[in-house]
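# Tertiary structure, described
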Number of protein chains: 2
Amino acid sequence: MLEKTTRMNYLYDFYQSLLTPKQSSYMSLYYLDDYSLGEIAEEYHVSRQAVYDNIKRTEAMLEEYEEKLLLFHKFQERAKIIAKLKSNFQPESLKEQYEALLEELEKLD
Amino acid sequence: MLEKTTRMNYLYDFYQSLLTPKQSSYMSLYYLDDYSLGEIAEEYHVSRQAVYDNIKRTEAMLEEYEEKLLLFHKFQERAKIIAKLKSNFQPESLKEQYEALLEELEKLD
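An account of the accompanying structure is given in this report. Fair warning: this is a prediction, and the values are worked out from it, not measured in the lab.

What counts, and at which threshold
Residues numbered from 1 in each chain as written. Chains lettered and ligands numbered in written order. Predicted model: local features only at pLDDT ≥ 70, side-chain atom pairs only at ≥ 80, totals over all residues. Heavy atoms only, no water. Patch = residues over 30% accessible without salt bridge, like charges linked within 9 Å, V, L, I, M, F, W, Y side chains within 5 Å. Areas by Shrake-Rupley, 256 points an atom, 1.4 Å probe, with all protein chains shown as cover. Salt bridge = Lys/Arg side-chain N within 4 Å of Asp/Glu carboxyl O. Lys, Arg positive; Asp, Glu negative; His and termini not counted. Charge placed at Lys NZ, Arg CZ, Asp CG, Glu CD. Helix = DSSP H or I, 4+ residues; strand = E, 2+ residues; numbered from the N terminus. Buried < 20%, exposed > 50% of the residue type's maximum accessible area, 1.4 Å probe, protein only. Polar contact = N/O pair within 3.5 Å; in protein donor to acceptor, adjacent residues only side chain to side chain. Contact = heavy atoms within 4.5 Å. Phe/Tyr/Trp six-rings, centres within 6.5 Å; stacked < 30°, edge-to-face > 60°. Core = buried A, V, L, I, M, F, W, Y, C linked by side-chain atoms within 4.5 Å.

## Observations concerning a negative patch on the surface
All names here are of chain A. A surface patch of like charges, here negative, comprises Asp33, Asp34, Glu39, Glu42 and Glu43. By the element assignment, Asp34 lies in the loop between helix 2 (21-32) and helix 3 (37-44). The class for Asp34 is exposed, based on a relative accessible area of 66%.

## A look at the side chain of A:Glu66
Residues and elements named next belong to chain A. Mapped onto the elements of the fold, Glu66 is located in helix 4 (residues 48-69). No salt bridge is formed by the buried Glu66; its nearest oppositely charged neighbour, Arg7, is found at 5.1 Å. Among the polar contacts listed, one links the side chain of Glu66 to the backbone nitrogen of Phe72, at a separation of 3.0 Å. Non-local contacts of Glu66, meaning those with residues more than four positions away in its chain, are made with Arg7, Leu11, Tyr15, Leu71, Phe72 and His73.

## Here's the deal with the environment of B:Tyr30
Residues and elements named next belong to chain B. Checked against the element boundaries, Tyr30 lands in helix 2 (residues 21-32). In this structure the C-alpha to C-alpha distance between Tyr30 and Ile55, which are 25 residues apart in sequence, comes to 8.5 Å. Leaving out residues up to four positions away in the same chain, Tyr30 has contacts with Tyr35, Leu37, Ile40 and Ile55.

## Brief notes about the pattern of salt bridges
All names here are of chain A. Here the structure, examined in full by the defined rule, presents four salt bridges over all chains. The salt bridge involving Glu63 is made with Arg7; its shortest N-O contact spans 2.8 Å. With Glu63 in helix 4 and Arg7 in helix 1 (residues 2-15), this residue pair connects regions lying 56 residues apart in the sequence. Residue Arg7 is classed as partly exposed on the basis of its relative accessible area, which comes to 32%. Residue Glu59 pairs with Lys56 through a salt bridge whose shortest N-O separation is 3.1 Å. With Glu59 and Lys56 both in helix 4 and three residues apart, the pair spans about one turn of that helix. A relative accessible area of 6% places Glu59 in the buried class.

## Points about the packing of aromatic side chains
Considering all chains together, one arrives at 18 aromatic pairs over all chains under this definition. Taken together, a centroid distance of 5.0 Å and an interplanar angle of 75° make the contact between A:Tyr26 and A:Tyr44 edge-to-face. Here the residue A:Tyr26 occupies a position in helix 2, and A:Tyr44 occupies one in helix 3, the gap between them amounting to 18 residues. Residue class for A:Tyr26 comes out buried when judged on its relative accessible area of 3%. Assessed through its relative accessible area of 31%, A:Tyr44 is described here as partly exposed. Ring geometry for B:Tyr15 and B:Tyr65: centres 5.8 Å apart, planes at 25°, overall stacked. Taken together, the positions of B:Tyr15 in helix 1 (residues 2-15) and B:Tyr65 in helix 4 (residues 48-69) put the pair 50 residues apart, joining distant regions of the chain.

## What about the nonpolar core?
Judged by nonpolar contacts, the single largest core of 44 residues is most densely connected at A:Tyr15 and B:Tyr15. Beyond its immediate chain neighbours, meaning those up to four positions away, B:Tyr15 contacts A:Leu69, B:Leu62, B:Tyr65, B:Glu66, B:Leu69, B:Leu70, B:Leu71 and B:Phe72. One finds A:Ile82, A:Leu105, B:Ile81 and B:Leu85 within the second-largest nonpolar core, a separate group that totals 14 residues.

Structural measurements only, silent on function.
Quick look at the structure:
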């Protein structure tokens, strides 16, 4: 559950600009501000079921965008490479490895 | 004109997974394979105007996606940083600059 929440937070972060204002509000309240479905329903004067359905649909949309654009996946890959670059960096050596990592980074764009 | 073509090629590359198969075909024929509007119209048994309208709409969609997600913009920014990393890399020195560039790269994700 918690891992799913983390993933959804990331997907929301990457793709929120593609959501409608209402989708974005519900997701933000639910995932970032930790509102319950009932609290969001009260705030918007709609049923708890309506909020639930909307959030479920939005989650599916975010997963679809990720399937198509892979922004979260690429972000994770880049983070790994950058971590390697940082930990392996030794000014006096390893030039070859360094360049190989940079090539890899470039291909991910 | 040529600069616009290059930009559209990039936008198409970044966002083609979000287009319908027909939009994608028209764009690919027009921008990648250099077909004329008339040739595409003939291939698909539709009017030249229909192809033109479809491509214009698709171009507008691609620009909208770029406005929202900035994938092409970030790609260009990353390419600049990577070029700097490559040209400035001197194993025996410049460690500080190197780390600054990596930080910059990280923020772009």
